[in-house]
Structure formats: structure tokens, C-alpha cells
Amino acid sequence: MLNLLHVGCGGSRLKDLPGFFNDGQWAEIRYDINPDVAPDIIGTLQDMSILEDGVIDGVYSSHNIEHVWAYEVPGVLAEFHRVLKSNGFAVVLCPDMLAVCEAVVAGDLEKPLYVSPAGPIAALDIMYGHQSSIQQGNEFMAHKTGFTSSSLAGYLMKAGFEKVVVARDQIYGLHAIAFKTSPEQQRMDAVVSQLMPVVNGEVSVQVFGAA
Ligand SMILES: C[S@@+](CC[C@H](N)C(=O)[O-])C[C@H]1O[C@@H](n2cnc3c(N)ncnc32)[C@H](O)[C@@H]1O
């Protein structure tokens, strides 16, 4: 089996992740700071020292890295890199600040832009964290920083990932796949085609790292 470290999992479980991880080959380790979501490991993104170096096949981080301060981001991504096996990769999803800022410029700060399982989401929620969750006392949901496709790729490359692929979706989200070592083209294409969003019938990505 391959192991998938599902960081900042919240209430999400393996079955909620893309089909790629539900082919029967992946076993999930749920990791979160909040004990209320019943993770397998209670821990922070900033300090994952409970995990040894090079033991993880995949890191899945959906909407977490905006929950730490900008100065902490390099350390968090260095932790993802450290725990991965040399042929491992990290999947990182986070808000697309360029798309959110375009919505704000268009006058849509508080108007719901789309409806998520947690309820309606406005630009304000994407920029500062899900307001109704925070109002209910869950301050782990506050957002402390933001990313564009190029800043996210830059952080991942600086953390030591050899190949980084980034895509923008249609619901104000960025998707990155960061390979610890450059994969063969066939493997990269297979992972990218199954994990990246399809926009207007196409998977459109930016690739960073040596050819
Ligand atoms: C917006 S939720 C995302 C949940 C899930 N990954 C998803 O996409 O539906 C953010 C999650 O990150 C967790 N979190 C926030 N700060 C964290 C930190 N410093 N270390 C670990 N987890 C953190 C929160 O507890 C929460 O479960």
C-alpha cells in the first residue's frame, strides 16, 4: 500500500478525495491541529516532527496553507518535502488570490460567489477564512496569508521540490502538484491528468522546474 498523509484534513476523509486516491492502493493518515475532527494524528503543519524523514508517498493538503502566517509557509512546505519519499509528491490546494481580488474589484466582496458543503462562500470568506465557522468559535479556520499561482510555485520550488505543476480552477482555487524529484514524463502526465481541474474541457497547467 501507498500511504497518503492527509494534512489539515478537517472532516474530510479518503472517500472525499479525488478518485486517483480511491483506487485501493492508498491508505490514509488523517492529520489536523483540531482534535474535534478526530484525526489519526493531532499536530500542526508547522511542526510535523512526529513523522520521520522520507516515509510518506503522498501529502494531500486541501485549503490549509493559507491558515498559517506567510513567514511560516516555507517551513510548512519544507515539512511536506521532508516527510516524502524521494519519488513522492504533494498535492496542495488553496485560494487563488488573483481570482478573488478580481471578484472584489468587480464589487463582489460579501456576495456569495459559490456554495460549498460548508455553505455560501463570499470573497471575504476566501480572503480571511470561513466567517460563520470562525463566528462559531473555530479560529483554526482563520486565513492568515494568500497565494497566486506564481507565488505558490515559487514557495514549492524553494522548499526543494524539483518539479511543480500549477493550475487554476473556476471556483477561485489553485491546485499544485509538487514532485520531490522530477518524475518521468509519463508518470507526471498520469498524475496531472487525474488530479488537476478540467476547465472548459481542458486541463491547463503551468510547469516549473528543469526540463
Ligand atoms: C478549511 S479547512 C479544510 C479541511 C479539508 N482539508 C477540506 O478541504 O475540506 C482547514 C483545516 O486546516 C486545519 N488547520 C488550520 N491550521 C492548522 C495548522 N496550523 N496545523 C494543522 N492543521 C491546521 C483546520 O483545523 C481545518 O481542519
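Quick summary incoming for the structure in this document. (Residues numbered from 1 in each chain as written. Predicted model: local features only at pLDDT ≥ 70, side-chain atom pairs only at ≥ 80, totals over all residues. Heavy atoms only, no water.)

This paragraph deals with unusual backbone geometry. The residue Ala38 is not glycine, and still its phi comes out positive at about 50°. Along the chain, Ala38 turns up in the loop between strand S2 (26–32) and strand S3 (41–42). With a relative accessible area of 48%, Ala38 lands in the partly exposed category. Positioned with a positive phi, Tyr172 is a non-glycine residue whose angle comes to about 65°. Its location among the elements puts Tyr172 in the loop between strand S8 (163–168) and strand S9 (173–179). (Helix = DSSP H or I, 4+ residues; strand = E, 2+ residues; numbered from the N terminus. Buried < 20%, exposed > 50% of the residue type's maximum accessible area, 1.4 Å probe, protein only.)

With that settled, the discussion passes to helix H6 (residues 185–195). Three or more residues of H6 are buried, namely Met188, Val191, Val192 and Leu195. Projected down its long axis, H6 shows its buried positions confined to an angular sector of 95°, all on one face. (Arc of directions from axis to C-beta.)

Here we take up the environment of His81. Inspection of the secondary structure puts His81 in helix H1 (residues 73–83). The class for His81 is buried, based on a relative accessible area of 18%. Considered as a pair, His81 and Tyr172 are 91 residues apart in the sequence and their alpha carbons are 26 Å apart. Among all residues touching His81, those that are not within four sequence positions of it are Ala159, Gly160, Phe161 and Lys180. (Contact = heavy atoms within 4.5 Å.)

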